[in-house]
Amino acid sequence: LLQNNDFLRNTVHRHEPPVTAQPIQILAENDEVVVVDKPSSLPVHPCGRFRHNTVIFILGKEHDLKELHTIHRLDRMTSGVLMFAKTTEVSKRIDEQVRERQLEKEYVCRVVGEFPEHEVVCEEPILVVSYKVGVCRVDPKGKCCKTIFQRLSYNGKTSVVKCLPRTGRTHQIRVHLQYLGHPIVNDPIYNMEAWGPGRGKGGKIDKTDEELLKALVEEHRSKQSLDILGISEEDLNSSAENTDCGNSGDCTKAAQADPVNENSCPAEDAKDAERKDVAACPLSSDSSLETLEKSRELISWENRDGQTGEKSSEEKDPLCVECKITRRDPSPKELVMYLHALRYKGAEFEYCSKMPEWAMEDWEE
């Protein structure tokens, strides 16, 4: 029982998943907009397990740019041109251009194999398998969409491809490239063994949606890379207790998480984007906090080759007096996906970033 002069303290112990240390470069700034070159691995706004390690928070802390309005979004693992409006009026004006399909987007990526030299147009419909894990696939019941691809170079193993999405479906470029048999080289979702021997080429997946999601989670768990899916071991342990699971398009028994919203694409319909924010990306989650607070045991990490990680790559957080968990420091390669938003053009503006190093014709991994 509390009595007079008793002191009660409650400490919430929470860690955000690691992100790249690459700085956010400001490409342009005026009275109306701020345009940045977003690094890979950073979510655009606070959601799921991310708050401080987001573009919005970093711009506020390091550049004193606050009260920014999100005009369009990029997947967490996608880098490149990202625009913010400084006022509601500017945001509404550009939103109108988005709805009327007046914006042009150009992406560049590095894909597996020799991509065809001629122009390739893919118009396969895309269906969201799970908003929680952030997985989509080609399906006749999905939303119609269109992407134009043009090969820029081929180094004997991989190809650099220019991508022109004419619609803005979730993970559209990544899903269409997987369907064509040329997934992005290091795509942590659509270039995984969980999709089967063909890795989803031609839409052939010999699994139910629930089996696919479970296989993806297990593959990342074996590689100690669950953070890439926006979930943690604690999330999975907590989800095992919850057996009430509805449609596999909304949740799975394998992963009941509060993941990062990777379901974002520049030209999404405004209503769709709003709905996804509610469905996949709540700004605060009691369940997420609870699972993170339960984290008490030492986690041993393994590298991708299955060997025990070196001590130098495992460390406790030096800034956290509460921390008893040893975490693996991911390599820069794990925090980068070879998909980059190169250009964003509207009726009154055009912004472009530099070509990433991995997209150079003579680049080799």
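Keep in mind that this is a model prediction, so the values were computed, not measured.

1. Some thoughts on the overall build of the chain
Moving on, step 1. Secondary structure summary: the chain contains 7 helices and 14 strands in total.
Moving on, step 2. Within the span of the chain, comprising 365 residues, buried residues form 51% of the whole.
Moving on, step 3. Carbon and sulfur atoms make up 47% of the accessible area of the chain, which amounts to about 18,800 Å² in all.

2. Quick notes on the state of the cysteines
Moving on, step 1. Under the criterion given, the structure shown has 0 disulfides.
Moving on, step 2. Cys 144 forms no disulfide, and the closest cysteine sulfur to it belongs to Cys 145, at a distance of 7.0 Å.
Moving on, step 3. No disulfide involves Cys 163; its sulfur sits 3.5 Å from the nearest other cysteine sulfur, which is in Cys 109.

3. Re the pairing of strand β13 (residues 339-345)
Moving on, step 1. In terms of burial, β13 is largely enclosed, as 5 of its 7 residues are buried.
Moving on, step 2. In the sheet, strand β4 (residues 79-85) pairs with β13 via 2 bridges, with the strands oriented parallel. In the strand pairing of β13, Gly 80 is matched with Ala 341.
Moving on, step 3. Pairing of strand β5 (residues 104-112) with β13, which is carried by 6 bridges, proceeds in the antiparallel orientation. Paired with Cys 109 across the two strands is Leu 339, which belongs to β13.
Moving on, step 4. Pairing between β13 and strand β14 (residues 350-352): 3 bridges, direction antiparallel. The residue bridging Tyr 344 from the neighbouring strand is Tyr 351, located in β14.

4. Looking at the packing of aromatic side chains
Moving on, step 1. Inspection of the entire model under this criterion finds 6 aromatic pairs.
Moving on, step 2. Within the aromatic cluster, the residues linked to one another by ring pairs are Tyr 338, Trp 358 and Trp 363.

5. Observations concerning the UniProt feature "active site" (unreviewed entry) in the chain
Moving on, step 1. Look at the UniProt record and you will see "active site" (unreviewed entry) annotated at Asp 75.
Moving on, step 2. As for its placement among the helices and strands, Asp 75 is situated in the loop between β3 (69-70) and β4.

6. So, a nonpolar patch on the surface
Moving on, step 1. On the surface, Leu 152, Met 355 and Met 360 cluster together into a nonpolar patch covering about 250 Å² of accessible area.
Moving on, step 2. Its place among the elements puts Met 360 in the segment after β14.

7. Comments concerning the pairing of strand β7 (residues 126-130)
Moving on, step 1. Relative to strand β8 (residues 135-138), β7 runs antiparallel, the two sharing 4 bridges. In the sheet register, Val 128 faces β8, and the bridge partner there is Cys 136.
Moving on, step 2. Connecting β7 to the next strand, β8, in antiparallel fashion are 4 residues, including Gly 134 with a positive phi near 80 degrees.

8. Side note on the nonpolar core
Moving on, step 1. The biggest cluster of nonpolar side chains holds 37 residues, and the ones touching the most others in it are Val 36, Val 55, Leu 59, Phe 84, Cys 109, Phe 149 and Leu 177.
Moving on, step 2. Residue assignment for this core shows that the elements contributing at least two residues are β2 (33-38), α1 (55-63), β4, β5, β6 (120-122), β10 (158-165), α3 (172-179) and β13.
Moving on, step 3. For this core, the domains that each give at least three residues are domain 1 (16-103) and domain 2 (107-230 + 334-344).
Moving on, step 4. With near-sequence residues (within four places) excluded, Phe 84 lies in contact with Glu 32, Val 33, Val 34, Val 36, Val 44, Val 55, Ile 56, Leu 59, Leu 68, His 69, Thr 70 and Ile 71.
Moving on, step 5. Grouped together as the second largest cluster of nonpolar side chains are 21 residues, Ile 126, Val 133, Ile 205 and Leu 212 included.

9. What about the environment of Ala 347?
Moving on, step 1. In this structure, Ala 347 sits in the loop between β13 and β14.
Moving on, step 2. On a C-alpha basis, the gap between Ala 347 and Gln 97 in space is 7.8 Å, while along the polypeptide they are 250 residues apart.

10. With respect to α3
Moving on, step 1. The buried fraction of α3 amounts to 7 of the 8 residues, a majority that puts the element mostly inside the structure.
Moving on, step 2. Residues Gln 172, Ile 173, Arg 174, Val 175, His 176, Leu 177 and Gln 178 constitute the buried set of α3.
Moving on, step 3. One or two steps after α3, the chain reaches Gly 181, where phi turns positive at roughly 85 degrees.

11. Some points on the environment of His 13
Moving on, step 1. Looking at the element boundaries, His 13 is found in the segment before β1 (25-29).
Moving on, step 2. For His 13, a relative accessible area of 10% puts it in the buried group.
Moving on, step 3. Each C-alpha atom, one on His 13 and one on Glu 322, is 6.9 Å from the other, the two residues being 309 residues apart in sequence.

12. Some thoughts on the pattern of salt bridges
Moving on, step 1. Per the stated rule, a full pass over the model turns up 15 salt bridges.
Moving on, step 2. When the shortest N-O distance is used, the salt bridge between Asp 64 and Lys 66 registers 3.7 Å. Residues Asp 64 and Lys 66 agree in their burial class; the two are exposed.
Moving on, step 3. Between Asp 209 and Arg 137 there is a salt bridge, with the nearest N and O atoms lying 2.9 Å from each other. Of this pair, Asp 209 sits in helix α4 (residues 209-222) while Arg 137 is found in strand β8, placing the two residues 72 residues apart along the sequence.

13. So, α1
Moving on, step 1. All of the buried residues along α1 are Val 55, Ile 58, Leu 59 and Gly 60.
Moving on, step 2. Looking one or two residues past α1, Asp 64 carries a phi angle of roughly 55 degrees, positive in sign.

14. Some thoughts on the confidence of the model for the chain
Low pLDDT marks regions whose predicted coordinates should not be analysed in detail.
Moving on, step 1. Averaged over all residues, the pLDDT of the chain equals 79, while 77% of them reach at least 70.
Moving on, step 2. Below a pLDDT of 50 lies the segment residues 242-312, which in the model reaches 161 contacts outside its immediate sequence neighbourhood of four places, other chains included.

15. Section: the side chain of Arg 151
Moving on, step 1. Mapped onto the fold, Arg 151 is located in strand β9 (residues 147-154).
Moving on, step 2. Arg 151 sits in the buried class, given a relative accessible area of 16%.
Moving on, step 3. Within the local environment of Arg 151, its side chain forms a polar contact with the backbone oxygen of Phe 115, the two atoms lying 2.8 Å apart.
Moving on, step 4. Among the polar contacts listed, one links the side chain of Arg 151 to the side chain of Glu 117, at a separation of 3.3 Å.
Moving on, step 5. In contact with Arg 151, other than residues within four places in its own chain, are Glu 114, Phe 115, Pro 116, Glu 117, Ser 159, Val 160 and Val 161.

What counts, and where the lines are drawn
Residues numbered from 1 in each chain as written. Predicted model: local features only at pLDDT ≥ 70, side-chain atom pairs only at ≥ 80, totals over all residues. Heavy atoms only, no water. Helix = DSSP H or I, 4+ residues; strand = E, 2+ residues; numbered from the N terminus. Buried < 20%, exposed > 50% of the residue type's maximum accessible area, 1.4 Å probe, protein only. Areas by Shrake-Rupley, 256 points an atom, 1.4 Å probe, with all protein chains shown as cover. Disulfide = S-S within 2.5 Å. Pairing = 2+ DSSP bridges. Phe/Tyr/Trp six-rings, centres within 6.5 Å; stacked < 30°, edge-to-face > 60°. UniProt positions renumbered as here; feature names shortened; annotations may be inferred. Patch = residues over 30% accessible without salt bridge, like charges linked within 9 Å, V, L, I, M, F, W, Y side chains within 5 Å. Salt bridge = Lys/Arg side-chain N within 4 Å of Asp/Glu carboxyl O. Core = buried A, V, L, I, M, F, W, Y, C linked by side-chain atoms within 4.5 Å. Domains from an automatic or database assignment. Contact = heavy atoms within 4.5 Å. pLDDT = per-residue confidence, 0-100. Polar contact = N/O pair within 3.5 Å; in protein donor to acceptor, adjacent residues only side chain to side chain.

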